Amino acid sequence: EIAAISDALSPDSPLALSHGTKFPVVQGAMTRVSDNAEFALAVAENGALPFLALSLMREREAGALLTSISEKVNLTDKNFPWGVGLLGFLPSQLYQEQMRVLSRFKPPYALIAGGQSDQAKALETLGIKTYLHAPSPLILRSYLESGCRRFVFEGNECGGHVGPRTSFLLWEQMIDVLLEFAPPKEESSDFHILFAGGIHDALSAKMVATMAAPLSKKGMKVGVLVGTAYL
């Protein structure tokens, strides 16, 4: 009943409005796939939030990619939102090269796989809204205690950076942690939660919306992250 009322995954849902997109859908960063501006533009034109995969790019290559996407954004009728996908476990020197690029271009969004809360905070300081992959309840608790509020819960049905838990088990455990931690509804609107792993059609999306209904009731914004659907 809560899921039916909240309509968390409908067009113009709370998370979609927060992102400035039509749908509460995020395109997961994919190495050697979502690493060009044309791909990002196609995702944006179809109503979702695109993420460019920086992967192992050095400073010059990353700079060229972000120059290209910036030009695409400026040529469109509306400045569509976009983001970059980062690997938090890169060698320090390479990560700092990418950070120098991000400090110049300041993309609206970032998503860190294998990241730390201090990395997210550094990006937030630049004005970049940052999601963290949280693969376990213990890691989620540490992120929450450090003040992070944007998360991706990606079950191991995904092909990305996943932990040992299947989607339903991971989602259930993470929802329990969020409900335990959650402040009153009026203070929960900063929470942006993306579910990923085997979500590919209306039925699987309804499953997510139903599982996440207690979060929606708390005022948290809920969406889904998909990758290979875009191929």
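Preceding this section is the structure that the text describes.
Conventions adopted
- Residue positions are counted from 1 within each chain, in the order its sequence is given.
- For this predicted model, a pLDDT threshold of at least 70 governs which residues receive local features, and a threshold of 80 or more governs which side-chain atom pairs are given and counted, while totals over whole chains, interfaces and linings are taken from all residues.
- Working from all heavy atoms in the structure, the side-chain values ignore hydrogens and water.
- Two strands pair if DSSP finds at least two bridges between them.
- Secondary structure elements are taken from DSSP: a helix is a run of H or I of four residues or more, a strand is a run of E of two residues or more, and numbering for both begins at the N terminus.
- Note on method: axes are straight lines fitted to C-alpha atoms, helices fitted across the in-contact stretch only, with angles between N-to-C directions ranging 0 to 180 degrees.
- In this analysis, two residues are considered to be in contact whenever any of their non-hydrogen atoms come within 4.5 Å of each other.
- Just so you know how the angles are binned, under 35 degrees is roughly parallel, over 145 roughly antiparallel, 65 to 115 roughly perpendicular, and the rest oblique.
- By convention the crossing between two helices is left-handed if the near helix lies anticlockwise of the far one by an angle smaller than a right angle, and right-handed if it lies clockwise.
- By the convention adopted, Pro, Cys, Tyr, Trp, Phe, Met, Ile, Leu, Val and Ala count as nonpolar, Lys, Arg, Asp and Glu as charged, and the other residues, Gly among them, as polar.
- Throughout this description, the term salt bridge denotes a Lys or Arg side-chain nitrogen within 4 Å of a carboxyl oxygen of Asp or Glu.
- For each residue, the accessible area found with a 1.4 Å probe, counting protein chains only, is set against the maximum for its type, and the residue is called buried under 20%, exposed over 50%, and partly exposed in between.
- This arc corresponds to the set of directions leading from the helix axis out to the C-beta atoms.

Please set out the sheet that holds strand 5 (residues 129-133) residue by residue, giving values where relevant.
Strands sit in the order 1-8-7-6-5-4-3-2 across an open sheet of 8 strands; the sheet is parallel. Sheet topology places strand 1 (25-27) and strand 2 (51-53) at the edges, where each strand pairs with a single neighbour. Ignoring which end each strand starts from, the neighbouring axes of this sheet average 30° apart. Relative to strand 6 (residues 150-154), strand 5 runs parallel, the two being bridged by 2 bridges. Note on strand 6: the bridge partner recorded for L132 is F151. In this fold helix 5 (residues 92-105) packs onto strand 3 (83-87) and strand 4 (109-113), with an angle of close to 165° to the strand it touches most, strand 3.

I'd love a proper account of the packing of helix 5 against helix 6 (residues 117-125), names of residues and values included.
Helices that pack against each other are described as a pair by the angle of their axes relative to one another and the distance between those axes. Contact geometry of helix 5 with helix 6 gives a least axis separation of 11 Å together with a crossing angle of 20°. By the angle between their axes, helix 5 is roughly parallel relative to helix 6. Two packed elements cross with a definite hand, and for helix 5 against helix 6 that hand is right-handed. Where helix 5 approaches helix 6, its residues Y95, M99 and L102 are matched on the opposing element by Q119, A122 and L123. Split by residue class, the contact of helix 5 with helix 6 holds 5 nonpolar, 1 polar and no charged.

Run through the pattern of salt bridges, naming residues and quoting values.
As a working rule, side chains carrying opposite charge can pair if their charged atoms are close by. Counted according to the given criterion, the structure contains 6 salt bridges. Between E59 and R100 there is a salt bridge, with its nearest N and O atoms 2.9 Å apart. Taken together, the residues E59 in helix 4 (residues 59-75) and R100 in helix 5 connect sequence positions 41 residues apart. R100 sits in the partly exposed class, given a relative accessible area of 41%. For E180, the salt bridge is made with R141, and the minimal N-O distance between the two is 3.1 Å. Taken together, the residues E180 in helix 8 (residues 167-181) and R141 in helix 7 (residues 137-145) connect sequence positions 39 residues apart. Using a relative accessible area of 57% as the deciding quantity, one classes E180 as exposed. Here the residues in one salt-bridge network are E59, R100 and R104, joined through shared partners.

Can you explain helix 6? Please cite residues and give values.
Among all positions in helix 6, only S117, Q119, A120 and L123 are buried. Axial view of helix 6: buried residues confined to an arc of 160°, hence all on one face. Along helix 6, the residues that are exposed and aim more than 90 degrees away from the buried face are D118 and T125. Buried residues along helix 6 sit in contact with strand 3, helix 5, strand 4, strand 5 and helix 7.

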